[in-house]
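# Observations on the three-dimensional arrangement
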Amino acid sequence: MSARPVVELAGVCYEYDGERVLDDVTLTIEEGDFLGIIGPNGAGKTTLLKVMLGLLRPSCGTVRLFGTDVSRFQEWWRIGYLPQGTAFDPRFPATVEEVVASGRVSRQGVGRLFTQADREAVEHVLELLGLLDERNRRIGHLSLGQQQRVLIARALVNHPDLIVLDEPLVGVDAPSQEQFYRLLHRLNREQGTTLVLVTHDVGVIASEVAKLACLNRQLIYHGCPEDFLESEALAKVYRPGVRIVSHTH
Ligand code: ADP
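All of these numbers come straight from a predicted model, not from anything done at the bench.

Helix and strand content of the chain: nine helices and ten strands. When burial is assessed residue by residue, the chain has 47% of its 249 residues classed as buried. Surface summary for the chain: the accessible area is close to 12,800 Å², and the carbon and sulfur share equals 48%.

Attention now goes to the sheet that holds strand β2 (residues 19-30). Spatially, four strands are ordered β2-β1-β4-β5 in an open sheet, and the strand pairing comes out antiparallel. Two strands lie at the open edges of the sheet, namely β2 and β5 (68-69), each paired on one side alone. Sheet analysis places strand β1 (residues 5-16) next to strand β4 (residues 60-65), joined by five bridges and oriented antiparallel. Each bridged residue has a counterpart across the sheet, and for Cys 13 the counterpart in β4 is Cys 60. Where helix α1 (residues 45-52) meets the sheet, its contacts fall on β1, β2 and β4, and the angle it forms with β1 comes to roughly 120°.

By size, the foremost hydrophobic cluster in this structure holds 42 residues, and its most contacted members are Val 100, Leu 129, Val 150 and Leu 156. Apart from residues no more than four positions distant in its own chain, Leu 156 is found in contact with Val 125, Leu 128, Leu 129, Ile 163, Leu 183 and Leu 187. Core analysis: the next-biggest nonpolar cluster, separate from the first, contains 30 residues, Tyr 14, Leu 27, Leu 49 and Val 70 among them.

Turning next to the sheet that holds strand β6 (residues 79-82). Strand order in the open sheet formed by six strands is β6-β7-β8-β3-β9-β10, and the pairing between neighbours is mixed. Of all the strands in the sheet, the pair left with one neighbour each is β6 and β10 (218-223). Looking at each pair of strands side by side, their axes are set apart by 15° on average, direction ignored. Along the sheet face, helix α5 (residues 144-156) touches β6 and β7 (162-166) and points at about 160° away from the line of β6.

Counting across every chain of the model gives 15 salt bridges. In this structure, the salt-bridge partner of Arg 20 is Glu 15, at a minimum N-O distance of 2.7 Å. Ionic contacts of the salt-bridge type, sharing partners, join the residues Glu 15, Arg 20 and Asp 23 into one network.

On inspection of all chains with the given rule, the structure shows six aromatic pairs. An angle of 85° between the planes, with centres 4.9 Å apart, marks the rings of Phe 73 and Trp 76 as edge-to-face. With centroids separated by 5.0 Å and ring planes inclined at 45°, the aromatic side chains of Tyr 221 and Phe 228 adopt a geometry described as tilted. Judged by relative accessible area, Phe 228 falls into the buried class, the value being 0%.

Once that is clear, we can look at the site of the ligand. Near the ligand, the surroundings consist of Tyr 16, Val 21, Pro 40, Asn 41, Gly 42, Ala 43, Gly 44, Lys 45, Thr 46, Thr 47 and Arg 217. Note that an oxygen atom of the ligand is positioned 2.8 Å from one of the backbone N or O atoms of Gly 42. Contact with the protein chains removes 58% of the 570 Å² of surface that the ligand exposes when unbound. Looking at the shell around the ligand, its residues break down into four nonpolar, five polar and two charged.

Bringing helix α4 (residues 116-128) into the picture now. An ideal rise of 1.5 Å per residue puts 18 Å on 13 residues; α4 measures up with 18 Å between its terminal C-alpha atoms. Every buried residue of α4 is listed here: Asp 118, Ala 121, Val 122, Val 125 and Leu 126. Burial along α4 is one-sided: seen end-on, the buried residues are contained in an arc of 130°. The positive-phi residue at the C-terminal boundary of α4 is Gly 130, with phi of around 65°.

Now for the pairing of strand β9 (residues 211-216). Sheet topology places strand β3 (residues 34-38) next to β9; four bridges connect them, and they run parallel. The partner of Ile 38 across the bridge, within β9, is Cys 214. Relative to β10, β9 runs antiparallel, the two sharing five bridges. Bridging from a neighbouring strand, Leu 212 pairs with Gly 223 of β10. Where β9 folds back on β10, the antiparallel hairpin that results is connected by one residue, among which Arg 217 adopts a positive phi of roughly 70°.

The next thing to look at is the environment of Ile 205. Structurally, Ile 205 is set in helix α7 (residues 202-207). Classification of Ile 205 by relative accessible area gives buried; the value is 0%. Taking the C-alpha atoms as reference points, Ile 205 and Leu 35, separated by 170 residues in sequence, lie 8.8 Å from one another. The contacts of Ile 205, once residues within four sequence positions are left out, are Gly 36, Ile 38, Thr 199, Leu 212, Pro 225 and Leu 229.

Criteria and thresholds
- Residues numbered from 1 in each chain as written.
- Predicted model: local features only at pLDDT ≥ 70, side-chain atom pairs only at ≥ 80, totals over all residues.
- Heavy atoms only, no water.
- Helix = DSSP H or I, 4+ residues; strand = E, 2+ residues; numbered from the N terminus.
- Buried < 20%, exposed > 50% of the residue type's maximum accessible area, 1.4 Å probe, protein only.
- Areas by Shrake-Rupley, 256 points an atom, 1.4 Å probe, with all protein chains shown as cover.
- Pairing = 2+ DSSP bridges.
- Contact = heavy atoms within 4.5 Å.
- Axes fitted to C-alpha atoms, helices over the stretch in contact; angles between N-to-C directions.
- Core = buried A, V, L, I, M, F, W, Y, C linked by side-chain atoms within 4.5 Å.
- Salt bridge = Lys/Arg side-chain N within 4 Å of Asp/Glu carboxyl O.
- Phe/Tyr/Trp six-rings, centres within 6.5 Å; stacked < 30°, edge-to-face > 60°.
- Near = heavy atom within 4 Å.
- Polar contact = N/O pair within 3.5 Å; in protein donor to acceptor, adjacent residues only side chain to side chain.
- Nonpolar A, V, L, I, M, F, W, Y, C, P; charged D, E, K, R; others polar.
- Expected span 1.5 Å × (residues − 1).
- Arc of directions from axis to C-beta.

As structure tokens, then:
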């Protein structure tokens, strides 16, 4: 039995001010996939995620989420999104716990009171990410790595079926990175969570993801990482001579 599609892009194009940055992208992401998306700077990776999540409307083609056209999709709590990192201003007036709890709004609806289930979900995810001791601190007072962990907690707080991460580890130290990948693998293997990870780190895809998409405005490759890393497509997209050092945990 084949896995159910979670994201289906068919013939997707997108232009900024007439400049095409996504060109006829067709890609299906299935339930339980752990897909890495790589490509050079300006390849359209972030744009692709935004189109996927209905934040940008494609100029042509279709996008379906969990089998529903993105324009009619409503179950947003099934998706956790971690946008590309920007540091919080130290004066940003929210605590760690409040930032994580704000992730429940898509499930709750704005203006509804928090339930016991919300409180428990927040507690659970703070514990999972080792943030219980930081819960009352202002997010802008934390290190960049800790801030990213808070945003990951926010993305996880609804137990999403799909998590979309855009370069989540920029500025994060190596031990936190390893911890982060262990968490992702647990979610993927134990709970069957579908993961989509944009990364500039080609080494990461060699060791972490199960499937790979390489984008350079068009979809250059979609398949198993090993075949891509051994193929000439890699040198076409990146500099010839890029060497991948694989490491496993
Ligand atoms: P990547 O994530 O692969 O680096 P992006 O999707 O961020 O690529 O950007 C693709 C191209 O679109 C780049 O040339 C970028 O400069 C351009 N671009 C991105 N966002 C905007 C925007 N809001 N307005 C105009 N051009 C943009």
